[in-house]
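Spelled out from the first residue to the last, the chains are:
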Amino acid sequence: MSVDSSQEQPAGGEPRPSADASSQTPVARPKGPLVYRQSIWTRLTHWVWVICLFFLLLSGLQIFNAHPALYIGQQSGFEFDNSVLRIGAVNTPQGPRGQTTVFGQTFDTTGVLGMSGTAEAPDYVGFPGAVTIPSYRDLATGRVVHFFFGWLMVAALFVWFLASFINGHLKRDILPRSGDLKELPRDIGDHARLKLHHGRRYSPLQKLSYFAVFFVLFPLIVLTGLTMSPGMDAAWPWLLDLFGGRQTARTIHFGTMVLLVLFFIVHILMVLLAGPLNELRSMITGWYRTSPGTPAAEGDKP
């Protein structure tokens, strides 16, 4: 006589749960369609900028170390102090210490700024060699690296603006519209709650962020960089008037760099929170997985 296995009981007398095959089958999570979000020109220039900004930052700190101070005004000198930032080393009763002064407020930054290295072999520089190119003091090489990647970044910007104007990326995804401004408070709230949406196009907060980078920060850092060049001042003297002098331009250049670094940090954080594999696929292949419920269109992938 056969025995129904579903009715078998273990030695303890408790009934054995029946095996339901359907309960063992994983439930597929709904997915939105794959949309072609980034053109080849957007992807190519994006990675060129990543490389350029890396070398520009580190070589720029090498150049800054030649005179680790920033000023506001047409000039600087020994008879007055119009500095807004100064990094250096000072002698104290406890020995040399690294010191940073920002708008008159002084901080001990030993080991990071002004004085780094070991106690046996201290290095008296503004920024430590670990974050400069080259890692040792070499202003000439730093300038060569900085200028090369600076012009490469400008060339990539020109290619991006031209391609984005032709394919509509600039108008569609970068320039904010009135509807984007209306949706901005809701989008900021969603980001604050980490309720991230994967749409076909950039969200209002993304549009404003990229607009600020492409139309404010990038032009500002390029123009202030040109203002610090005596040759460009001779050709375009209006640059000195526009930025209030070479020293002020240098300060704005440094401040813009800080803002770009902050943008980069937030950008990487949002990529990690939004799904790094999906974001990387978008910037490598162009295809982007949207949120469930996104309407499919012709040309999308399932």
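Just above, that's the structure.
Residues numbered from 1 in each chain as written. Predicted model: local features only at pLDDT ≥ 70, side-chain atom pairs only at ≥ 80, totals over all residues. Heavy atoms only, no water.

Asker: So what exactly am I meant to see when it comes to the side chain of Ser116 here?
Answerer: Note that Ser116 resides in strand β6 (residues 116-117). When sequence neighbours within four positions are dropped, the list of residues in contact with Ser116 reads Gly111, Ala121, Pro122, Asp123, Val125 and Pro128. (Helix = DSSP H or I, 4+ residues; strand = E, 2+ residues; numbered from the N terminus. Contact = heavy atoms within 4.5 Å.)

Asker: Just checking my understanding: could you explain the pattern of salt bridges for this structure?
Answerer: Pairing of side chains with opposite charge becomes possible as their charged atoms draw close. One pass over the structure, following the stated rule, counts seven salt bridges. Taking the shortest distance from any N to any O, the salt bridge between Glu183 and Arg186 comes out at 2.6 Å. Taken together, the residues span about one helical turn, with Glu183 and Arg186 both in helix α4 (residues 178-192) at a distance of three residues. Residue classification places Arg186 among the partly exposed positions, given a relative accessible area of 40%. Look at the salt bridges and you will find they share partners, linking Glu183, Arg186, Asp190 and Arg193 into a network. (Salt bridge = Lys/Arg side-chain N within 4 Å of Asp/Glu carboxyl O. Buried < 20%, exposed > 50% of the residue type's maximum accessible area, 1.4 Å probe, protein only.)

Asker: Got a minute to help me understand the nonpolar core in this structure?
Answerer: Most often, soluble globular proteins keep nonpolar side chains buried together rather than apart. Counting residues in hydrophobic clusters, the biggest one holds 31 residues, and the most contacted among them are Trp49, Met153, Phe214 and Phe218. If you list the elements that add at least two residues to this core, you get α1 (40-64), β3 (83-92), α2 (139-167), α3 (169-174), α5 (204-227) and α8 (246-274). Sequence-distant contacts of Trp49, that is, excluding residues within four places in its chain, are made with Met153, Ala156, Leu157, Trp160, Phe214 and Phe218. (Core = buried A, V, L, I, M, F, W, Y, C linked by side-chain atoms within 4.5 Å.)

Asker: What's the story with the packing of α1 against α2 in this structure? I'm lost.
Answerer: For any two helices packed against each other, the geometry is given by the interaxial angle and the distance between the axes. Put simply, α1 and α2 touch, their axes get as near as 8 Å, and they point 155° apart. On the basis of the axis angle, α1 is roughly antiparallel to α2. Read as a crossing pair, α1 and α2 show a hand that is left-handed. Considering only residue class, the contact of α1 with α2 consists of 19 nonpolar, eight polar and one charged. (Axes fitted to C-alpha atoms, helices over the stretch in contact; angles between N-to-C directions. Parallel < 35°, antiparallel > 145°, perpendicular 65-115°, else oblique. Left-handed = near helix turned anticlockwise from the far one by under 90°. Nonpolar A, V, L, I, M, F, W, Y, C, P; charged D, E, K, R; others polar.)

Asker: Would you mind showing me how to read α2 here?
Answerer: At 3.6 residues per turn, the α-helix brings residues three or four places apart onto the same side. Between its first and last C-alpha atoms α2 spans 41 Å; for 29 residues at 1.5 Å apiece the expected length is 42 Å, and the two agree. Listed in full, the buried residues belonging to α2 are Gly142, Val145, His146, Phe149, Gly150, Met153, Ala156, Leu157, Trp160, Ala163 and Ser164. Buried residues along α2 sit against α1, α3, α5 and α8. (Expected span 1.5 Å × (residues − 1).)

Asker: Help me understand the pairing of strand β5 (residues 105-108) in this model?
Answerer: For a regular strand, the rule is simple: side chains alternate between the two faces of the sheet. For strand β4 (residues 95-102) and β5, the ladder comprises four bridges, and the chain directions are antiparallel. Along β5, the bridge assignment pairs Thr101 with Thr106. Once β4 ends, the chain turns through two residues before running back antiparallel as β5, passing Phe103 with a positive phi of about 50°. (Pairing = 2+ DSSP bridges.)

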